[in-house]
Amino acid sequence: MTIGNRLAFDDAGSGPAVILLHGYPFDRSMWREQIDFLSANTFRVVAPDLRGFGEVSDKLQFVAEAECRDTERQAEAYRTITTMEDMARDVSALMDELKIDQAAICGLSMGGYVAFEFVHLFPTRTRALILAGTRAPADNAQERQTRLQQVEQMLAKGMGGVAEASLPKLLAPRTTAEKPEVVARLREMILRADPRGAAAAQRGMAARRDYSDDLAGISVPTFVIVGRADPIRPVADAEFMHNRIRESRLQIIEDAAHMTNMEQPEIFNRALLDFLSR
């Protein structure tokens, strides 16, 4: 489904609402197992494609290909930025349309940054918070530069290079060896991402603020999840958040790296259900 031809989303089940925010450069299909599981266990699950990703990217107002020259399209792509605040406000607008007053907000990686912005902007709409494979501090100068270099690459050459460079870091060695279907599914998601939308979000992540000072003020129940083998957002990042957020729980998932929900869906789902049911 879509809202106003802007956000595509899945909406399944009934009960307390859970909103799943995908990572970068993925789309809502990464949550397939969680949508099926939680909706079968008395929760209403909403998973949107965040701005610039998935089925609909019109809200970024990219210049229509039929109406401008290549150079103009490229210039527009280089100017566009999607901030984490933009995405959080999109989620709130979607909740308004779906008549959801309050929800548990679950974000993985980039989705975690959006979740931080959401609980900051809309604390009364946040019933609980799940932070998976993410971190509170902002990027340092080198990390910002790496993101901007990736923007140049994807706009010039597409998402193929991003896929090949990212996959070894996203998945644990055991996943790569034993679950080729997960590898293929993840690669497909990256390759079908719109480079313009991915570039705008990459700039938004490079510009995001430091959420570290927000942690002590988070008063809703919070669940921090991390893969034991995650080289992108390691266990230390999860422990940093857990130690500073009151009423938080921490779970380290073995034999998983960055994509815990796809690599170990049964463990992830049971842990999530246990947390939400409390």
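Counting starts from 1 at the beginning of each chain's written sequence and moves along it residue by residue. Only residues with pLDDT of at least 70 are given local features in this predicted model, and only at 80 or more are side-chain atom pairs given and counted; all residues enter the totals for whole chains, interfaces and linings. With hydrogens and water excluded, all non-hydrogen atoms of the structure serve as input to the side-chain values.

### Observations regarding the layout of surface pockets
Over the atoms rolls a probe the size of a water molecule, and in doing so it shows where empty space is left. Detection works on a 1 Å grid of protein atoms alone, calling trapped sets that fit a 1.4 Å probe cavities and calling open sets with protein on both sides within 12 Å along at least five of seven lines pockets, with lining residues defined by an atom within 4 Å of a point. Grid points are joined across faces, edges and corners, and a volume is the space filled by probe spheres set on the points. Taken as a whole, the largest pocket encloses approximately 650 Å³ of empty space. Helix and strand definitions here come from DSSP, where helices need a minimum of 4 consecutive H or I residues and strands a minimum of 2 consecutive E residues; each element is numbered from the N-terminal end. Of all the secondary structure elements, the ones that give two or more residues to the lining of the largest pocket are α4 (110-121), α5 (141-157), α6 (160-170) and α9 (195-206).

### Quick look at the packing of α5 against α9
Every axis corresponds to a line fitted to the C-alpha atoms, with the helix fit spanning only the stretch in contact, and the corresponding angles, defined between N-to-C directions, vary from 0 to 180 degrees. Packing of α5 against α9 brings their axes to within 9 Å, and their N-to-C directions diverge by 170 degrees. If you check the angle between α5 and α9, you find them roughly antiparallel. Where α5 approaches α9, its residues Arg144, Arg147, Leu148, Gln150, Val151, Met154 and Leu155 are matched on the opposing element by Pro195, Arg196, Ala198, Ala199, Gln202, Arg203, Met205 and Ala206. Class assignment for the residues of the contact of α5 with α9 results in nine nonpolar, two polar and four charged. Roughly parallel here means an angle under 35 degrees, roughly antiparallel means over 145, roughly perpendicular means 65 to 115, and every remaining angle is called oblique. By definition in these notes, contact holds between two residues if any of their heavy atoms fall within 4.5 Å. Following the grouping adopted for this structure description, the nonpolar residues are Ala, Val, Leu, Ile, Met, Phe, Trp, Tyr, Cys and Pro, the charged ones are Asp, Glu, Lys and Arg, and the polar ones are all others, Gly among them.

### Digging into the nonpolar core
For the purposes of this section, nonpolar cores are sets of buried Ala, Val, Leu, Ile, Met, Phe, Trp, Tyr and Cys residues that join through side-chain atoms within 4.5 Å. To sort residues, take the accessible area from a 1.4 Å probe on protein chains only and compare it with the maximum for the residue type: under 20% means buried, over 50% means exposed, and anything in between is partly exposed. The biggest cluster of nonpolar side chains holds 88 residues, and the ones touching the most others in it are Trp31, Leu38, Met110, Ile130, Leu186, Met259 and Leu276. Ranked by residues supplied to this core, first place goes to α4 with seven residues.

### What about the environment of Leu186?
Tracing the backbone shows Leu186 in helix α8 (residues 180-192). Residues Leu186 and Leu170, spaced 16 residues apart in sequence, show a C-alpha to C-alpha distance of 9.1 Å.

### Focus: the packing of α6 against α8
Interhelical geometry of α6 versus α8 gives an angle of 145 degrees and a closest axis separation of 9 Å. For α6 against α8, the interelement crossing comes out right-handed. Side by side, α6 and α8 meet where Gly160, Val162, Ala163, Glu164, Leu167 and Leu170 of the first sit next to Val183, Leu186, Arg187, Ile190 and Leu191 of the second. If you view the pair so one helix is near and one far, a crossing is left-handed when the near helix is turned anticlockwise from the far one by less than a right angle, and right-handed when it is turned clockwise.

### Description of the packing of aromatic side chains
Any aromatic ring pair is given by two values, namely how distant the centres are and how the planes are angled relative to each other. Aromatic contacts are taken between Phe, Tyr and Trp rings whose centres are within 6.5 Å, Trp giving its six-membered ring; a plane angle under 30 degrees counts as stacked, one over 60 as edge-to-face, and the others as tilted. Counting across every chain of the model gives five aromatic pairs. Aromatic side chains Trp31 and Phe268 sit 6.4 Å apart centroid to centroid with 45 degrees between the ring planes, which places their arrangement in the tilted category. Taken together, the positions of Trp31 in the loop between β3 (17-21) and α1 (32-39) and Phe268 in helix α12 (residues 265-277) put the pair 237 residues apart, joining distant regions of the chain. Taken as a pair, Trp31 and Phe268 share a single burial class, namely buried. Their ring planes at 25 degrees and their centres at 5.0 Å tell us that Phe116 and Tyr211 sit as a pair that is stacked. Here Tyr211 lies in the loop between α9 and β7 (222-227) and Phe116 lies in helix α4, a separation of 95 residues in the sequence. Tyr211 matches Phe116 in its accessibility class, with the two residues each being buried. In this scheme, Lys NZ or Arg CZ marks a charge over a ring once it lies within 6 Å of the ring centre and within 35 degrees of the ring normal. If you follow Arg208 out to its NZ or CZ, it ends over the ring of Tyr113, 3.9 Å from the centre.

### Some thoughts on the pattern of salt bridges
Each reported salt bridge corresponds to a side-chain nitrogen of Lys or Arg within 4 Å of a carboxyl oxygen of Asp or Glu. One pass over the full model with this rule turns up 24 salt bridges. Of the charged contacts in the structure, one is a salt bridge between Arg32 and Glu33, with a shortest N-O distance of 3.7 Å. The class of Glu33 is partly exposed, set by a relative accessible area of 23%. The structure contains a network of salt bridges with shared partners spanning Arg135, Asp139, Glu143, Arg147 and Arg208.

### Brief notes about the side chain of Asp214
Structurally, the position occupied by Asp214 is in the loop between α9 and β7. Using a relative accessible area of 18% as the deciding quantity, one classes Asp214 as buried. Not counting the four nearest positions on each side in its chain, Asp214 is found in contact with His120 and Arg209.

### Comments concerning the pairing of strand β6 (residues 126-132)
In terms of burial, β6 is a largely internal element, six of the seven residues being buried. Think of it this way: DSSP has to see at least two bridges between two strands before they count as a pair. Pairing between strand β5 (residues 103-108) and β6: six bridges, direction parallel. Residue pairing across strands places Ala104 opposite Ala128, the latter belonging to β6. Think of it like this: strands point away, you trace from the first strand over the helix to the second, and a clockwise trace means the crossover is right-handed. Regarding the hand of the β-α-β motif, the stretch spanning β5, α4 and β6 is right-handed. Across four bridges, β6 lies against β7 in parallel orientation. Paired with Leu131 across the two strands is Val224, which belongs to β7.

### Remarks on α8
Every helix has an expected span of 1.5 Å times one less than the residues it contains. The end-to-end C-alpha separation of α8 is 18 Å, in line with the 18 Å expected for 13 residues at 1.5 Å each. Along α8, the positions that sit buried rather than exposed are Val182, Val183, Arg185, Leu186, Met189 and Ile190. The buried side chains of α8 occupy one side of the element, clustering within an arc of 165 degrees when seen end-on. The elements touched by buried residues of α8 are α1, α6, α7 (173-178) and α11 (260-263). Within this analysis, the arc is defined by the directions that extend from the helix axis to the C-beta atoms.

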